[in-house]
Amino acid sequence: MLNNLSLTEALDGLKKKKFSSLELVQDCLNQIDKVDPGIHAFLHINKDAQNEAKTVDVSKPLGGIPIAVKDNFLTLGLPTTASSRVLEGYMPDYESTVTGKLKQAGAVIIGKTNMDAWAHGSSTESSDYGVTRNPRNPDYLPGGSSGGSAAAVAADMCTAAIGSETAGSIRQPAAWCGVVGFKPTYGRVSRYGVIAMASSTDSPGPLTKTVEDAALITRIIAGRDQYDATTSPLPVPDYLSPLKSSLKIGIPKEYMEVMQPEAKELVLKAAKRLEELGHLVEETSLIHPKYSIGVYTIVQRSEVSSNLARYDGIRYGHDRSYFGEEAKRRIMLGTYALSSGYYDQYYNRAQKVRTLIIQDFHKAFHKYDLLIDPASPGPALKIGSTAGDPMFGEMQDILVEPSSIAGLTGISLPCGVVNGLPVSFGLIGPQFAENLVLQVAHQYAQPNL
Amino acid sequence: MDVAHVAKLANLPLKPGEQAKFQKQFEETLKTIAVINELDTTGVEPTSQVIGLVSVVRQDEVDLSRILPPPAANNGYFVVPSVFNAQ
C-alpha cells in the first residue's frame, strides 16, 4: 500500500530503491479503482501515468511522485473543464506554469480532480459532473472548491495534490477532509494557465498529508513567472529550514466568536500546544470577519463577470447557455455591481473596505508574527447542504475571506475530531511569511515535541 | 435590480423560472453585503493589487522559438496552403 505514504516518505523510498515509481503509481491507480466510484474525486485519469512512471528520473525533486491536479489547471494531453459543461471535452493548447514545473520536477500527473464548477463554491456540490463525497464519511461534503483534490489526498488516491484558492478553496476542503492545505501569498505561485476565477486573489497551492510535504511542493511551484505579471520577484527560500526562535501569536476574538463550540474547544487546545512549544499566544482583536463576506462577494462576482465574459463558444467550448445556475448568478451579480450607476456603491466601496482590512492586518502583524485562523467554523456539512443557499460558500468561508482578500499566506491542518469528522486549526502570516507559517505548523504537527 | 436587463448585459440566456428565482436570491444577497456600508471609508483609497506591484513590463524581445522550422516556415514566414490556386 505505497499510496498511503506521505510525499517525504515516498521520495525517500524511491531514492533508496525500496520500490519503483511504477509500483507507487500502480498502488494509487488501484486505490482509485477501488474507492473512487464511491467518492468521485477524479474527473479524468491520466492513461499514460504508468508509462510516465516507467521512464521517470527519480533523482529529480519530485521524481516519480503521483500528484492529482485540480481541473482548472491547463494540462497538455489531459482534458481541462474546471468542472463546467461549457468546457466539456476541452483539450488545452498549453501547460499551466504550476503543472509545467511539477512535470519538470519529475512528478507524474495521475489525474484531474473534481471541483465546484469554475471554482464557484465551497462544497464541490456545484460541479456540473456531480458531487465529490468526503472520504471520512460519504454522507458529508468534502468542502471546496478544491474538494476533489482534498478527497484524493484523504483517501490515499495520490501522494499529494494541487488546488487553487480564491478565498478558502484550498484550506476549507483540507479542513473538512482532514488533510493539510496551504495557501501561499498572492503572487507567490503563478496563475498562468489556471482558469481565472477572481484574478486579484487566485492563489495556487498544495494539499498534502504533512506540513513538510506542503513546504516541499510550494518550493517547487513558487517563484517569478514571465507569463504572470503579478508574480513576485522575491527569491523563493527553503521552506523546510527549522524555526530559530519562539514567536508571538495572536488569537482574534472576533474569529473565535463565529466558531462552533466543540470545534472552538479543539482550536483553543491547539493554541495551548503552541504555548507549550514556547510561543507567546494571546487574544487580540481584528475587524469582524462579516465585513469580508461583503467585500469578497462583490469583488469576486465582479471579477468573475469579467473573466467569464470570454466564454462565447466561438473559438472553443460551448456557448453561454451551458453555464450552470451558480455561474450565471455570479456573472450577473458581478455585471450588476460593475454597471453604470452602481460601480461606486458596490465595487469601489468594497475595494475601500478591502484597504481597511489590509491596514488592520498590518497593525496586527506589527504586534504578532502570526495569527490563529481556523479555515472553517466547524466540521463538514451533509451532502445537499448548499441547496437553495446562494451564499453558502461565503458563509462557510467567513474565517478565510479576510486573509484571502488581503493576499496573505495561511495553512489549515487537522487538530481533532467531532462526531467522527475532522476539525482544523489554522495559521495566517504576513505576505511572503510562508516559512514562518510552515515552520510553526510543522512544529505543531510533530508528535514528540 | 432588473434581472432581465442584467442577463442581457451579461449575454446569458435564462431558463424559465430563473428570472423570478434569481430576483429573490439577488435581493437577499444584496441585503447581506450591505454590511460594508457600516464602516467609514472617508478618505480611504481602494485596493485592487494586494502585493504592491505597479506597471509590470517586460523587455520587448522577439521570440523566434515559436517559428517552426521548414517546411512549416520559410525565411521566417509561416507556410500556409495557398488561397488562389495557380492552375
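1. Some thoughts on the nonpolar core
Residues and elements named next belong to chain A.
Then, number 1: If you look at the biggest cluster of nonpolar residues, it comprises 125 residues, and the most contacted ones within it are W118, I372 and L427.
Then, number 2: It is helix 12 (residues 344–367) that provides the largest number of residues to this core, a total of nine residues.
Then, number 3: Excluding residues within four positions of it along the chain, L427 makes contact with I249, L274, L370, L371, I372, D373, T409, G410, I411, V437, V440 and A441.
Then, number 4: By size, the runner-up hydrophobic cluster in this structure holds 26 residues, among which are V25, A49, C177 and V179.

2. What to know about the interface of chain A and chain B
Then, number 1: Counting from both sides, the interface comprises 49 residues of chain A and, opposite them, 38 residues of chain B.
Then, number 2: Counting the surface chain A buries against chain B, the share from its top three residues, K328(A), M332(A) and R349(A), is 18%.
Then, number 3: There are two salt bridges connecting chain A and chain B.
Then, number 4: K21(B) is the salt-bridge partner of E325(A), the closest N and O atoms lying 2.9 Å from each other.
Then, number 5: Mapped onto the side of chain A that touches chain B, the elements with two or more residues apiece are helix 10 (290–307), helix 11 (325–338) and helix 12 of chain A.
Then, number 6: The element contributing the most residues to the side of chain A that touches chain B is helix 12 of chain A, with 11 residues.

3. Observations regarding the packing of aromatic side chains
Residues and elements named next belong to chain A.
Then, number 1: Evaluated as defined, the whole model comprises 13 aromatic pairs over all chains.
Then, number 2: Note on Y336 and Y342: the rings are 4.5 Å apart at their centroids and 35° apart in plane angle, and the pair reads as tilted.
Then, number 3: Given the relative accessible area of 7%, Y336 is considered buried.
Then, number 4: Exposure remark for Y342: the relative accessible area of 31% places this residue in the partly exposed category.
Then, number 5: Through successive ring pairs, a cluster of aromatic residues spans Y90, W118, Y311, Y316 and F323.
Then, number 6: Lying across the ring of Y368, K248 places its NZ or CZ 6.0 Å from the centre.
Then, number 7: Its end group placed over the ring of Y444, R273 keeps NZ or CZ at 5.6 Å from the ring centre.

4. Brief notes about the side chain of S305(A)
Residue and element names in this part refer to chain A.
Then, number 1: Tracing the backbone shows S305 in helix 10.
Then, number 2: There is a polar contact of 2.8 Å between the side chain of S305 and the backbone oxygen of S302.
Then, number 3: If we ignore the near neighbours within four places in the chain, the residues touching S305 are I331, G334, T335 and L338.

5. Re the pairing of strand 10 (residues 409–418) of chain A
For a regular strand, side chains alternate in direction, first toward one face of the sheet and then toward the other.
Residue and element names in this part refer to chain A.
Then, number 1: A large share of strand 10 lies buried, amounting to seven of its 10 residues.
Then, number 2: Where strand 5 (residues 180–183) meets strand 10, three bridges bridge the pair, whose relative direction is antiparallel. By the bridge assignment, K183 is partnered in strand 10 with G410.
Then, number 3: One ladder, built from nine bridges, connects strand 10 with strand 11 (residues 421–429); its direction is antiparallel. Of the residues in strand 11, the one forming a bridge with G410 is I428.
Then, number 4: In this antiparallel pair of consecutive strands, strand 10 and strand 11, the connection spans two residues, and N419 shows a positive phi of 50°.

6. Section: unusual backbone geometry
Then, number 1: With an omega of 15°, the peptide bond between G144(A) and S145(A) qualifies as cis.
Then, number 2: Within the chain, D156(A) stands out as a residue other than glycine whose phi angle is a positive 55°.
Then, number 3: Relative to the helices and strands, D156(A) resides in the loop between helix 5 (147–154) and strand 4 (160–165).
Then, number 4: Phi is positive for N11(B), close to 55°, though the residue is something other than glycine.
Then, number 5: Mapped onto the elements of the fold, N11(B) is located in the loop between helix 1 (3–9) and helix 2 (18–33).
Then, number 6: What makes N11(B) exposed here is its relative accessible area of 51%.

7. Quick look at the sheet that holds strand 10 of chain A
All names here are of chain A.
Then, number 1: Taken in spatial order, the 11 strands make up an open sheet running 1-3-2-4-6-5-10-11-9-7-8, and their pairing is mixed. Each edge of the open sheet carries a strand with a single partner, namely strand 1 (42–45) and strand 8 (280–284). Adjacent strand axes in the sheet meet at a mean angle of 30° when their direction is disregarded.
Then, number 2: Note that strand 2 (residues 66–70) and strand 3 (residues 108–113) share five bridges and pair parallel. Within the sheet, the bridge partner assigned to V69 lies in strand 3 and is K112.
Then, number 3: Contacting strand 1, strand 2 and strand 3, helix 2 (residues 21–39) runs over the sheet at an angle of about 15° to strand 3.
Then, number 4: Helix 15 (residues 434–445) contacts strand 5, strand 7 (248–252), strand 9 (370–372), strand 10 and strand 11 of the sheet and is inclined by roughly 20° relative to strand 10.

8. Comments concerning the side chain of T185(A)
Then, number 1: In this structure, T185(A) sits in the loop between strand 5 and strand 6 (203–208).
Then, number 2: Classification of T185(A) as buried rests on a relative accessible area of 1%.
Then, number 3: A distance of 2.6 Å separates polar atoms of two side chains, one belonging to T185(A) and the other to E434(A).
Then, number 4: With residues up to four places along the chain from it excluded, the contact list for T185(A) reads G407(A), L408(A), T409(A), P430(A), Q431(A), F432(A), A433(A), E434(A) and I51(B).

9. Let's talk about the environment of A214(A)
All names here are of chain A.
Then, number 1: Along the polypeptide, A214 turns up in helix 7 (residues 211–221).
Then, number 2: When its relative accessible area of 0% is taken as the criterion, A214 is described as buried.
Then, number 3: With residues up to four places along the chain from it excluded, the contact list for A214 reads V180, F182, P206, T208 and L438.

The rules behind the values
- Residues numbered from 1 in each chain as written.
- Chains lettered and ligands numbered in written order.
- Predicted model: local features only at pLDDT ≥ 70, side-chain atom pairs only at ≥ 80, totals over all residues.
- Heavy atoms only, no water.
- Core = buried A, V, L, I, M, F, W, Y, C linked by side-chain atoms within 4.5 Å.
- Buried < 20%, exposed > 50% of the residue type's maximum accessible area, 1.4 Å probe, protein only.
- Helix = DSSP H or I, 4+ residues; strand = E, 2+ residues; numbered from the N terminus.
- Contact = heavy atoms within 4.5 Å.
- Buried area = accessible area lost by both parts, 1.4 Å probe.
- Salt bridge = Lys/Arg side-chain N within 4 Å of Asp/Glu carboxyl O.
- Phe/Tyr/Trp six-rings, centres within 6.5 Å; stacked < 30°, edge-to-face > 60°.
- Lys NZ or Arg CZ within 6 Å of the ring centre and 35° of its normal.
- Polar contact = N/O pair within 3.5 Å; in protein donor to acceptor, adjacent residues only side chain to side chain.
- Pairing = 2+ DSSP bridges.
- Axes fitted to C-alpha atoms, helices over the stretch in contact; angles between N-to-C directions.

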